[in-house]
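What follows is the residue order along each chain.
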Amino acid sequence: MTETLVAGIDSSTQSCKVVVRDAATGALRRFGQAPHPDGTEVDPAAWWDAMQAAVAAAGGLDDVAAVSVAGQQHGMVALDADGEVIRPALLWNDTRSAAAAQDLIAELGEADGGDPAAGPGAWARATGSVPVASLTVTKLRWLADHEPENAARVAAVALPHDWLTWRLGGADSLDTLVTDRSDASGTGYFDTAAGRYRRDLLAMALRRDDVDGIVLPRVLGPSRAAGVGDLTAGLGHLMLGAGAGDNAGAALGLGMGPGDVTLSVGTSGVVSAVSRNPVADPSGLVAGFADATGEYLPLAVTLNGSRVLDAAARLLGVDHAGLAELALAARPGAEGLTLVPYLEGERTPNLPGATGSFLGLSLASMTRENVARAAVEGLLCGLADGFAAMQDQGVPVETVRLVGGGARSEAVRRIAPAVLGLPVQVPDPGEYVADGAARQAAWTLAGTAEPPEWSAFQVRTYEAEATPEVKERYAARRHLVAERGA
Ligand SMILES: Nc1ncnc2c1ncn2[C@@H]1O[C@H](COP(=O)(O)OP(=O)(O)O)[C@@H](O)[C@H]1O
Ligand SMILES: O=C(CO)[C@@H](O)[C@H](O)COP(=O)(O)O
């Protein structure tokens, strides 16, 4: 019997990855990857080109029955009435809209009860999240304030995964744009608990009173088909799933349920958990997003994930294996050296203009080993802060898993349980976002109530003696940061 194949695509910050899997068992059949351009402002055409290259590297989709696209969240893809991209997309890690976030918070507070200080609570109640520069709503306000002629031309707003799904489906008209709850919940103009758009917030962001005519992608249920796609002439037809934000994709790929907490060390550092109830944290540390199965996915996100390791390896003139070796050769705590790794500014805590700092340099601590160790510990302390914020929101913790490109580092794997003070499971290295998209495609194809049960992945559990002093020192130092440009 010939097997039915499905594909999952992860259009993430640094690259596009494609997996082709058996729809019934989830067995991996093929894989392809292609890089994305650097920078926090990207022409979506580059994602399309990378997707074509990654699909080709994965052997094409000729024999594939269904495909879903997961993607980096929040990126603003503004389209005009002809469906053309108005300007390069501003990505989730572009911090130019930090002041717009502050303005929007104050304005909703004023609109709600006359008090700008009530803004964070008002946003958390309205959408589940407090705006930070990452969220799409703040990018739209930035557009209105800095490029009003572009803001006036906006006829539709999509996210990276919506736009790619639309292109796959033929991009016939703006009305065929679709999305899913997980990605819609990261826009900042979607009421996550109620599952509906807040056009009043879109109007506030764009400073326009005619937003009823603006197309927002239709929000599909978790296993609803987005249509029948045609990647390029000659590649044949395939069913399109609704797709998802990348973190919800990973949750589906990992089969996460309540009690499972995932740390992802990709470009972003993410702590996420599935919750049966919506979360609305007025402190803004936890974003109250939705998952890709009908539940919720509270998460805390740092701007400084795997690139902290990339930068430290560059600084020390070693590769990733060399960095891990150096870090593991140092003692816990790096003899008093701390890296506050705000290399791209920071989102959790919300310090978009911050730069990073090495603190605690001494003759003893200023060694290559300690610098490597401080980089790994600093990255993990940022995640540990997010983890604590999730626990403060009542998120239960039974298992902790580590995924993403940075989880390939032996140092990250071995130091994570020491910094968190908990055992950490590391699944087989893989592309769990793309896997989640593939599982969604199989679900869409099957038309069943629940996603297909796929064979479990292997995990290796890492344990270590807890080093609470590392987190304590970091907590005492993390506010000692300089402003960008200072
Ligand atoms: N062995 C390794 N050790 C540490 N970091 C690694 C290793 N392999 C890959 N990475 C890092 O992982 C990152 C890419 O991870 P990925 O999860 O694909 O990111 P994204 O989804 O944000 O594009 C890169 O920054 C890369 O340098
Ligand atoms: O902003 C968020 C989630 O809120 C990021 O997690 C992006 O979704 C990018 O993810 P990666 O490409 O780093 O995995």
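What you see is a predicted model; the values in this text were computed from it and never measured.

About the thresholds
- Residues numbered from 1 in each chain as written.
- Chains lettered and ligands numbered in written order.
- Predicted model: local features only at pLDDT ≥ 70, side-chain atom pairs only at ≥ 80, totals over all residues.
- Heavy atoms only, no water.
- Helix = DSSP H or I, 4+ residues; strand = E, 2+ residues; numbered from the N terminus.
- Rg over C-alpha atoms; globule rule 2.2 N^0.38 Å.
- Buried < 20%, exposed > 50% of the residue type's maximum accessible area, 1.4 Å probe, protein only.
- Contact = heavy atoms within 4.5 Å.
- Lys, Arg positive; Asp, Glu negative; His and termini not counted.
- Charge placed at Lys NZ, Arg CZ, Asp CG, Glu CD.
- Near = heavy atom within 4 Å.
- Polar contact = N/O pair within 3.5 Å; in protein donor to acceptor, adjacent residues only side chain to side chain.
- Areas by Shrake-Rupley, 256 points an atom, 1.4 Å probe, with all protein chains shown as cover.
- Nonpolar A, V, L, I, M, F, W, Y, C, P; charged D, E, K, R; others polar.
- Domains from an automatic or database assignment.
- Expected span 1.5 Å × (residues − 1).
- Axes fitted to C-alpha atoms, helices over the stretch in contact; angles between N-to-C directions.
- Parallel < 35°, antiparallel > 145°, perpendicular 65-115°, else oblique.
- Left-handed = near helix turned anticlockwise from the far one by under 90°.
- UniProt positions renumbered as here; feature names shortened; annotations may be inferred.
- Patch = residues over 30% accessible without salt bridge, like charges linked within 9 Å, V, L, I, M, F, W, Y side chains within 5 Å.
- Salt bridge = Lys/Arg side-chain N within 4 Å of Asp/Glu carboxyl O.
- Buried area = accessible area lost by both parts, 1.4 Å probe.
- Core = buried A, V, L, I, M, F, W, Y, C linked by side-chain atoms within 4.5 Å.
- Pairing = 2+ DSSP bridges.

**Student:** Please provide a residue-by-residue account of the overall build of the chain, values included.
**Tutor:** Counting its secondary structure elements, the chain contains 15 helices and 24 strands. Against the globule reference of 23 Å for 486 residues, the chain gives a C-alpha radius of gyration of 22 Å, in line with a compact fold. Across its three principal directions, the C-alpha atoms of the chain cover 65 × 65 × 40 Å. Counting across all 486 residues of the chain, residues that qualify as buried make up 59%. In the chain, once contacts between residues fewer than 6 apart in sequence are set aside, the share between residues at least 24 apart is 72%. Here the chain contributes 37 positively and 59 negatively charged side chains, and the mean placements of these two sets differ by 3 Å.

**Student:** Go over the site of ligand 1 with me, naming the residues and quoting the values.
**Tutor:** Around ligand 1 sit 16 residues in total, of which Ser12, Lys17, Thr267, Ser306 and Asp310 are the nearest. Take Lys17: an N or O atom from its side chain is 2.5 Å from an oxygen atom of ligand 1. In this structure, an oxygen atom belonging to ligand 1 sits 3.1 Å away from a side-chain N or O atom of His320. Relative to its free-state accessible area of 580 Å², ligand 1 is covered by the protein chains to the extent of 79%. For the shell around ligand 1, the elements supplying multiple residues, two or more each, are β2 (15-22) and α10 (306-316). Broken down by element, the residue count for the shell around ligand 1 peaks at three residues, all from α10. Grouping the constituent residues of the shell around ligand 1 by class yields one nonpolar, twelve polar and three charged. Looking at the shell around ligand 1, you find at least three residues from each of domain 1 (5-246) and domain 2 (256-423 + 463-485).

**Student:** Before we move on, can you summarise helix α2 (residues 98-113) with the specific residues and values?
**Tutor:** With 16 residues, α2 should cover 22 Å at 1.5 Å per step; its first-to-last C-alpha distance of 23 Å lies within 8% of that length. Within the span of α2, buried status applies to Ala98, Ala100, Ala101, Leu104, Ile105, Leu108 and Gly109. Against the buried residues of α2 lie α3 (119-127), α4 (136-146) and α8 (199-206). Following α2 by one or two positions, Gly114 adopts a phi angle in the positive range, close to 85°.

**Student:** Can you break down the packing of α2 against α8 residue by residue, with the values?
**Tutor:** Packing of α2 against α8 brings their axes to within 11 Å, and their N-to-C directions diverge by 125°. With respect to their mutual orientation, α2 and α8 come out oblique. The interaxial crossing formed by α2 with α8 has right-handed handedness. Contacts between α2 and α8 involve Leu104, Glu107 and Leu108 from the former and Leu201, Met204 and Ala205 from the latter. Considering only residue class, the contact of α2 with α8 consists of five nonpolar, no polar and one charged.

**Student:** If you had to explain the UniProt feature "binding site: substrate" (unreviewed entry) in the chain to someone new, which residues and values would you point to?
**Tutor:** Mapped onto this numbering, the UniProt entry gives "binding site: substrate" (unreviewed entry) at Gln73 and His74. Mapped onto the elements of the fold, Gln73 is located in the loop between β5 (64-71) and β6 (77-79). Aside from chain neighbours lying at most four places away, what touches Gln73 is Trp92, Ser182, Asp183, Gly186, Gly245, Asp246, Asn247, Phe289 and Leu299. For His74, a relative accessible area of 3% corresponds to the buried category. His74 has contacts with Leu90, Trp92, Ser134, Leu135, Thr136, Lys139, Leu159, Asp183, Gly186, Phe289 and Arg347, leaving out every residue within four places of it along the chain.

**Student:** I'd like a description of a nonpolar patch on the surface, backed by residues and values.
**Tutor:** A cluster of nonpolar side chains, contributed by Leu315, Phe358, Leu361 and Met366, occupies part of the molecular surface with about 430 Å² of accessible area. Within the secondary structure layout, Leu361 lies in the loop between β21 (357-359) and α12 (368-392).

**Student:** I'd like to hear about the packing of α10 against helix α11 (residues 320-329), residue by residue, with values.
**Tutor:** The contact between α10 and α11 brings their axes to 9 Å, and the two run at 85°. Classified by the angle between their axes, α10 and α11 sit roughly perpendicular to one another. Touching Leu309, Asp310, Ala312, Ala313 and Leu316 of α10 are His320, Leu323 and Leu326, all from α11. Of the residues belonging to the contact of α10 with α11, the class tally is six nonpolar, one polar and one charged.

**Student:** Any chance you could break down the domain arrangement of the chain for me, citing the residues and the numbers?
**Tutor:** Structurally, the chain comprises domain 1 (5-246) and domain 2 (256-423 + 463-485). The centre of domain 1, based on its C-alpha atoms, is set 26 Å off from the matching centre of domain 2. Residue-level contacts link 30 residues of domain 1 with 28 residues of domain 2. The three residues of domain 1 that bury the most area against domain 2 are Gln14, Trp92 and Arg181, which together make up 24% of that side's buried surface.

**Student:** Residues and numbers for the environment of Gly317, please.
**Tutor:** Tracing the sequence through the fold places Gly317 in the loop between α10 and α11. In this structure, the C-alpha to C-alpha distance between Gly317 and Gly59, residues 258 residues apart in sequence, is 36 Å.

**Student:** So what's going on with the nonpolar core? Which residues, and what values?
**Tutor:** Residues Val376, Leu380 and Leu402 are the most contacted members of the largest nonpolar core, which totals 52 residues. The element that contributes the greatest number of residues to this core is α12, accounting for 13 residues. Once you skip the residues sitting within four places of it in the chain, Leu380 turns out to touch Val412, Ile415, Ala416 and Val419. The next biggest cluster of nonpolar side chains, apart from the first, holds 51 residues, and it includes Val157, Phe190, Leu252 and Tyr432.

**Student:** Please set out the pairing of strand β19 (residues 296-302) residue by residue, giving values where relevant.
**Tutor:** The buried fraction of β19 is high, at seven of seven residues. Bridge analysis of strand β17 (residues 269-273) against β19 gives four bridges, and the strand direction is antiparallel. Paired with Val270 across the bridge in β19 is Val301. Of the pairings in the sheet, the one linking strand β18 (residues 287-290) to β19 comprises four bridges and is antiparallel in character. Residue pairing for β19: Gly288 is matched across the bridge by Pro298. Here β18 hands over to β19 after five residues, with Gly294 in that stretch at a positive phi of 110°.

**Student:** A description of the UniProt feature "active site" (unreviewed entry) in the chain should follow, citing residues and the corresponding values.
**Tutor:** Per the UniProt record, "active site" (unreviewed entry) is found at Asp246. With respect to the helices, strands and loops of the structure, Asp246 is situated in helix α9 (residues 246-254). Given a relative accessible area of 13%, Asp246 falls into the buried group. Apart from residues lying up to four places away in sequence, Asp246 is in contact with Asp10, Ala70, Gly71, Gln72, Gln73 and Val433. A polar contact of 3.2 Å, which involves the side chain of Asp246, links it to the side chain of Asn247.

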